[in-house]
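Reading the structure
For reference, the chains in residue letters:
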Amino acid sequence: MPHSESTTLKNRIILSIILLFFTVTAGTSGYLFIEGWNIFDSFYMTVITLSTVGYQEVHPLSNEGKVFTIFLIFSGLGTVAYVLNYTIRFVLEGEIQEILGRRKMIKRIKELHDHYIVCGYGRMGRIICSELKSNKIPFLVVETEEIELNADDDLMIIHGDATRDDNLKTAGIERAKGLVSVLPSDAQNLYVVLSARGLNSKLQIVARASEDGAEQKLLRAGASKVVSPYHIGGIRIAHSILKPSIVDFIEFATMSGNLELQMEEIPIQRASGLSGIALDKTDIGKKLGVIIVAIKRGEEMMFNPTGKTVIGPEDTLIALGEASKLRMLEAMAKKY
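Residues numbered from 1 in each chain as written. Predicted model: local features only at pLDDT ≥ 70, side-chain atom pairs only at ≥ 80, totals over all residues. Heavy atoms only, no water.

**Things to note about the overall build of the protein chain**
- Of regular secondary structure, the protein chain possesses twelve helices and ten strands.
- Counting across all 336 residues of the protein chain, residues that qualify as buried make up 35%.
- Element-wise, carbon and sulfur atoms account for 59% of the exposed surface of the protein chain, whose accessible area totals about 21,100 Å². (Helix = DSSP H or I, 4+ residues; strand = E, 2+ residues; numbered from the N terminus. Buried < 20%, exposed > 50% of the residue type's maximum accessible area, 1.4 Å probe, protein only. Areas by Shrake-Rupley, 256 points an atom, 1.4 Å probe, with all protein chains shown as cover.)

And the structure:
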């Protein structure tokens, strides 16, 4: 159901409930003042009249009471029908929409390959998802809490406990490229890392650590990388004081959506035309104006490589340049 239609339907249901309340109140007050009955008898007479159950009157009615009952039937039945119509419609359409939406999402998840699974959709999880989305990287979220989404939000989310194997399997962990665990506690993140590593031995796993000592435990459990937000935040604040220009440059170069300057990782395919060629022979700097800051080869990181440095197969270039030029370099890295 579209968001606008759902809102309109909810407003009509609220209006119909208000009308029903006033109708019942008016009926109860009418019998109370016209017939002089007590409040309970007046309320009971109003209910059986509006529901058309066919019970006899609570007490014999006067002519004035009969006229009032006729008026209550004609006015009240329309209100009751109005309430039932929109209430039933809201329930049925909501259930049908939920079933269809769930089936559609399950189908989309089954079609995912080389995607990322984000466990936890708190403040940090939202930022991670925003970055993945801006870089057009497929991902989905596993979160225990219900999340209110906008009508145009296409976020794929599995409502469940990320520490459970069945939820990770539903998220397609066997086909996934990586997993990010940013759950509230280190114990939960540790459990997710253990489960994920057992389900996919080749998975790239990044986990958050909050307490001292948790980082080594997460690494032993199978995490590829562990990030401590408090430690990084403290260093970043200190560097903002001691080296403000450097921090400004790094933020500018790594800012999502920045078209002027970006720093990217560019993997070299084994059959790429760049493989086996020295940097000064590629004309990357002259033609593209891209600076190769470093080359990662296995676990080794070579900073500020010279022009004589030969690009090896399956190296990763850490490149700095305009976004459009970096995309051209990515194409060269894949070109046969």
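**As for the sheet that holds strand β10 (residues 316-321)**
- Taken in spatial order, the four strands make up an open sheet running β7-β10-β8-β9, and their pairing is antiparallel. Both edges of this open sheet fall to β7 (262-267) and β9 (300-303), since each of them pairs with a single strand only. Each strand of the sheet is rotated relative to its neighbour by a mean of 20°, with strand direction disregarded.
- In this sheet, β10 lies alongside β7 in antiparallel orientation, the contact comprising six bridges. Bridge pairing in β10 links E264 to A319.
- Helix-sheet contacts for helix α12 (residues 323-334) involve β7, β8 (291-297) and β10, and the interaxial angle to β7 is about 5°. (Pairing = 2+ DSSP bridges. Axes fitted to C-alpha atoms, helices over the stretch in contact; angles between N-to-C directions. Contact = heavy atoms within 4.5 Å.)

**Quick look at the sheet that holds strand β5 (residues 204-208)**
- The sheet built from six strands is open, its strands ordered β3-β2-β1-β4-β5-β6 with parallel pairing. The sheet is open, and its two edges are formed by β3 (157-159) and β6 (225-227), each paired on a single side. Averaged over all pairs of adjacent strands, the angle between strand axes in this sheet comes to 15°, irrespective of strand direction.
- By the bridge criterion, three bridges tie β5 to β6 in an arrangement that is parallel. Note that in β6 the partner of A207 across the bridge is V226.
- Packed on one face of the sheet, helix α4 (residues 123-134) meets β1 (116-119), β2 (139-143), β4 (178-181) and β5 and runs near 160° to β1.
- Together, β1, β4 and β5 form the strand contacts of helix α6 (residues 186-199), whose direction differs from that of β5 by roughly 170°.

**What to know about the side chain of D186**
- Its place among the elements puts D186 in helix α6.
- Looking at D186, its side chain comes within polar contact range of the main-chain nitrogen of S210, at 2.8 Å.
- Apart from the residues lying within four places of it in its own chain, the contact partners of D186 are R208, A209, S210, E211 and A214. (Polar contact = N/O pair within 3.5 Å; in protein donor to acceptor, adjacent residues only side chain to side chain.)

**What about the environment of E215?**
- By the secondary structure assignment, E215 is in helix α7 (residues 214-221).
- Sequence separation between E215 and K225 is ten residues; the distance between their C-alpha atoms is 8.8 Å.
- Beyond its immediate sequence surroundings of up to four residues, E215 is in contact with A209 and V226.

**Digging into the packing of aromatic side chains**
- For the structure shown, the criterion picks out three aromatic pairs.
- Ring centres of F21 and F22 lie 5.8 Å apart, and the angle between their planes is 70°; on these two criteria the pair is classed as edge-to-face.
- Judged by relative accessible area, which is 55%, F21 ranks as exposed.
- Cluster of aromatic residues (ring-pair linked, three or more members): Y31, W37 and F68. (Phe/Tyr/Trp six-rings, centres within 6.5 Å; stacked < 30°, edge-to-face > 60°.)

**Structural notes on the pattern of salt bridges**
- For the structure shown, the criterion picks out four salt bridges.
- Between R164 and D166 there is a salt bridge, and its shortest N-O distance comes to 3.1 Å.
- Take R164: its relative accessible area is 46%, and that puts it in the partly exposed class.
- Measuring nitrogen to oxygen at the nearest pair gives 3.2 Å for the salt bridge that ties R270 to E314. In this pair, R270 is assigned in the loop between β7 and α10 (279-282) and E314 in the loop between β9 and β10, connecting sequence segments 44 residues apart. A single burial state applies to R270 and to E314, both of which are exposed. (Salt bridge = Lys/Arg side-chain N within 4 Å of Asp/Glu carboxyl O.)

**A look at the confidence of the model for the protein chain**
- This prediction gives the protein chain a mean pLDDT of 82; 87% of its residues lie at or above 70.
- Every residue in residues 1-5 scores below 50 in pLDDT, and together they form six contacts with partners more than four places removed in sequence or on other chains. (pLDDT = per-residue confidence, 0-100.)

**Remarks on the nonpolar core**
- Core analysis: the biggest nonpolar cluster contains 27 residues, and I117, C119, L140 and L179 have the highest contact counts within it.
- Those elements that provide at least two residues to this core are β1, β2, α6, β5 and α7.
- Sequence-distant contacts of C119, defined by excluding residues within four places in its chain, comprise V142, A162, L168, L179, V180, S181, V182, L183 and V192.
- Grouped together as the second largest cluster of nonpolar side chains are 15 residues, I266, I284, I292 and I311 included. (Core = buried A, V, L, I, M, F, W, Y, C linked by side-chain atoms within 4.5 Å.)

**Things to note about unusual backbone geometry**
- Unusually for a residue other than glycine, D114 sits at a positive phi of about 55°.
- Inspection of the secondary structure assignment puts D114 in the loop between α3 (63-110) and β1.
- On the basis of relative accessibility, which here comes to 52%, the residue D114 falls in the exposed class.
- Of note, E314 is a non-glycine position whose phi angle comes to about 70°, a positive value.

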